[in-house]
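# A look at the structure
Here is how the chains run, residue by residue.
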Amino acid sequence: QKEVEQDPGPLSVPEGAIVSLNCTYSNSAFQYFMWYRQYSRKGPELLMYTYSSGNKEDGRFTAQVDKSSKYISLFIRDSQPSDSATYLCAADNYGQNFVFGPGTRLSVLP
Amino acid sequence: EAGVTQFPSHSVIEKGQTVTLRCDPISGHDNLYWYRRVMGKEIKFLLHFVKESKQDESGMPNNRFLAERTGGTYSTLKVQPAELEDSGVYFCASSQDLTGIYNEQFFGPGTRLTVL
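Presented here is a report on the structure given in the accompanying data block. (Residues numbered from 1 in each chain as written. Chains lettered and ligands numbered in written order. Predicted model: local features only at pLDDT ≥ 70, side-chain atom pairs only at ≥ 80, totals over all residues. Heavy atoms only, no water.)

With that settled, the discussion passes to the overall build of chain A. Scanning chain A for helices and strands turns up zero helices and eleven strands. Starting at the N terminus, the α and β elements of chain A follow one another as β-β-β-β-β-β-β-β-β-β-β. A globule of 110 residues ought to have a C-alpha radius of gyration of about 13 Å, and chain A, at 13 Å, matches this closely. Judged by the C-alpha coordinates and their principal axes, chain A covers about 40 × 25 × 20 Å. (Helix = DSSP H or I, 4+ residues; strand = E, 2+ residues; numbered from the N terminus. Rg over C-alpha atoms; globule rule 2.2 N^0.38 Å.)

Here it is, written out as structure tokens:
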């Protein structure tokens, strides 16, 4: 079993839709949970991170972590074509060496 | 401020040859990480430097891979001899070393390695 599982998609939504991206993980020692966005031919860029369980909001993006079910979510409101990218979840127990999910490719259609 | 840079952006070599990848972290970042993504798989951790010391090299696949960070600035990752399964994208990341708070890792654009 992989430590972090993520549906690779691809996921296509119309502009303005609410997008829900999800990951599950198996290591109960994980404390830090990150969402990265990666455009084609670029490196991953941190969107948000959460320490332990809870919600975190930043503009159109909301990250949720439920440690009881080992479930990580990222919600994108009012999605835009510029949000089209691969979204990677990652987790770690020291905030140092990450374990990544395979990424979900998202397309937001105008 | 310049971000993490990596060189080359793309390298094509034949099986058995040697390749050296270079990473220049953000100035002042003591932490430097190497990751790689092979085709269809997730990004996987290779190793972590704190300044010039290897903090964690548990992700290095075998002894064909050698990473160095002399002087605690830029780092090189050498693959010798390269095998077909080494093909993938090699990412470098760096972060500050701030005690007690989350240290964001900033990623470079990656080096795409193709072994024929």
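In this section: the interface of chain A and chain B. In this assembly, 18 residues from chain A lie in contact with 18 residues from chain B. Across the chain A to chain B interface the summed buried area is about 1,700 Å²; carbon plus sulfur atoms make up 51%. If you look at where chain A meets chain B, you find zero salt bridges. Applying the counting criterion to the chain A and chain B interface returns three residue pairs in polar contact (both at pLDDT 80 or more). Elements represented by at least two residues in the side of chain A that touches chain B include exactly β4 (32-38) and β5 (45-51) of chain A. In terms of residue count, the dominant contributor to the side of chain A that touches chain B is β4 of chain A (four residues). Split by residue class, the side of chain A that touches chain B holds ten nonpolar, five polar and three charged. (Contact = heavy atoms within 4.5 Å. Buried area = accessible area lost by both parts, 1.4 Å probe. Salt bridge = Lys/Arg side-chain N within 4 Å of Asp/Glu carboxyl O. Polar contact = N/O pair within 3.5 Å; in protein donor to acceptor, adjacent residues only side chain to side chain. Nonpolar A, V, L, I, M, F, W, Y, C, P; charged D, E, K, R; others polar.)

For the rest of this paragraph, the subject is the nonpolar core. By size, the foremost hydrophobic cluster in this structure holds 24 residues, and its most contacted members are Trp 35, Leu 74, Ile 76 and Tyr 87 of chain A. Looking at this core, the elements that each hand over two or more residues are β3 (19-25), β4, β5, β7 (61-66), β8 (71-76), β9 (85-92) and β11 (104-109) of chain A. Grouped together as the second largest cluster of nonpolar side chains are 21 residues, Val 4, Leu 47, Phe 65 and Val 79 of chain B included. (Core = buried A, V, L, I, M, F, W, Y, C linked by side-chain atoms within 4.5 Å. Buried < 20%, exposed > 50% of the residue type's maximum accessible area, 1.4 Å probe, protein only.)

All told, the structure shown has two disulfides over all chains when counted by the stated rule. Paired by a disulfide, Cys 23 of chain A and Cys 89 of chain A hold their sulfur atoms 1.9 Å apart. When the S-S torsion is -100°, as for the bridge of Cys 23 of chain A with Cys 89 of chain A, the disulfide is left-handed. Taken together, the residues Cys 23 of chain A in strand β3 and Cys 89 of chain A in strand β9 connect sequence positions 66 residues apart. Overall, Cys 23 of chain A belongs to the buried group, its relative accessible area being 1%. By relative accessible area, which is 0% here, Cys 89 of chain A ends up buried. Put simply, Cys 23 of chain B and Cys 92 of chain B are joined by a disulfide, and their sulfur atoms are 1.8 Å apart. What sets the handedness of the Cys 23 of chain B and Cys 92 of chain B disulfide is the S-S torsion sign, and at about -60° it is left-handed. Of this pair, Cys 23 of chain B sits in strand β3 (residues 19-24) while Cys 92 of chain B sits in strand β9 (residues 88-95), and the two are 69 residues apart along the sequence. An identical accessibility class is assigned to Cys 23 of chain B and Cys 92 of chain B; each is buried. (Disulfide = S-S within 2.5 Å.)

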